[in-house]
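Observations on chain architecture
Next come the chains, spelled out residue by residue.
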Protein chains: 2
Amino acid sequence: MGRENRTRHNREIERKFLVEKEWLPPNLKQFRSLVIEQGYLATESAGRQVRLRKRGSATSLTFKVGRGSHREEREIKLSPKQFAALWPGTAGRRLRKVRYEILWDNVIIEIDKYRGRHKDLVVAEVEFPDTASCRRFQPPWWFGREVTREKRYSNVRLALS
Amino acid sequence: MGRENRTRHNREIERKFLVEKEWLPPNLKQFRSLVIEQGYLATESAGRQVRLRKRGSATSLTFKVGRGSHREEREIKLSPKQFAALWPGTAGRRLRKVRYEILWDNVIIEIDKYRGRHKDLVVAEVEFPDTASCRRFQPPWWFGREVTREKRYSNVRLALS
């Protein structure tokens, strides 16, 4: 695909948990973090969506379709100009969050602290290389309720709500 | 916006007519023509859609939202690699047509001959600079029924049907 573009056809095996703010690691700010801003140009049922994302200064467009094990994801990098031309189309369908990445027990935990109207929400996401390690995963004590299958905590729902 | 991107916020004032194949101008092949292939990554009601298009060798992504006089359109050029990465996401939601451009009475008539499963369909589209010239327009004798407001002849419907 070359450096410019990335296509992933793999299943995303991940689990998602709520986190209470007061239980967040006190040294959270020492970890790698970046601001993520994303918006949706169009979404359909069956998880079909076109998302614009600014991750730090990197801008991209991602197409997703399907759910669960039939998820397909295609992503291209956008130039700042391409991004700027499309971004206004996501007005009213956006979200902002700060993402912290923590290495824990050989997996990367992504802590997303939402901003704006969802600013009380903190979500931890863990992605696994296979289903075995997914099942084996022992959440740290400060994780709250698991919301892996709860659609209302999907980014697309949060952006549209 | 620079050469790379184009954003149009204008109303598209256009009329659309069916054309019987046997009534097409016999010298049609002398006019400028190109093959257009397009597919839809995602579509919503209210005309919200993300379209990929290959027009000759030029590749682009277009976001549209709204209907009628509230139509908004944002288009970016895509590199061949960007296009190739996203195009598979339009499988089953595509159409192909050959477009001929004819100058008639100071307007450009675009004749679209569809291919594939809609290969019996020929549509003529005329775009106008203002509503006055739109109303004044006298269709040539070989135009068939006007279908300007018939959704089933929209490209997105044809691609999804």
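From a predicted model like this one, the values you see are computed outputs, not experimental measurements.

So, the interface of chain B and chain A
Every contact between the two is made by 26 residues of chain B and, on the other side, 26 residues of chain A. The tally of links between chain B and chain A comes to 2 salt bridges. One salt bridge connects Glu44 of chain B with Arg93 of chain A, and the closest N-O pair in it is separated by 2.7 Å. The tally of links from chain B across to chain A stands at 13 residue pairs in polar contact (both at pLDDT 80 or more). Mapped by element, the contributors of at least two residues to the side of chain B that touches chain A are β1 (5-8), β3 (32-43), β5 (58-65), β6 (72-77) and α1 (80-86) of chain B. Among the residues making up the side of chain B that touches chain A, the classes are represented as 12 nonpolar, 6 polar and 8 charged.

So, the pattern of salt bridges
With the rule as written, the count across this model stands at 27 salt bridges over all chains. The salt bridge partner of Arg32 of chain A is Glu101 of chain A, with a shortest N-O separation of 3.5 Å. In this pair, Arg32 of chain A sits in strand β3 (residues 32-43) while Glu101 of chain A sits in strand β7 (residues 94-104), placing the two residues 69 residues apart along the sequence. Overall, Arg32 of chain A belongs to the exposed group, its relative accessible area being 54%. Its salt-bridge partner being Arg145 of chain B, residue Glu150 of chain B comes within 2.4 Å of it at the nearest N-O pair. With a relative accessible area of 25%, Glu150 of chain B lands in the partly exposed category. Assessed through its relative accessible area of 42%, Arg145 of chain B is described here as partly exposed. Here the salt bridges share partners, and the residues they tie into one network are Lys97, Arg99, Glu110 and Asp112 of chain A.

The rules behind these values
- Residues numbered from 1 in each chain as written.
- Chains lettered and ligands numbered in written order.
- Predicted model: local features only at pLDDT ≥ 70, side-chain atom pairs only at ≥ 80, totals over all residues.
- Heavy atoms only, no water.
- Contact = heavy atoms within 4.5 Å.
- Salt bridge = Lys/Arg side-chain N within 4 Å of Asp/Glu carboxyl O.
- Polar contact = N/O pair within 3.5 Å; in protein donor to acceptor, adjacent residues only side chain to side chain.
- Helix = DSSP H or I, 4+ residues; strand = E, 2+ residues; numbered from the N terminus.
- Nonpolar A, V, L, I, M, F, W, Y, C, P; charged D, E, K, R; others polar.
- Buried < 20%, exposed > 50% of the residue type's maximum accessible area, 1.4 Å probe, protein only.

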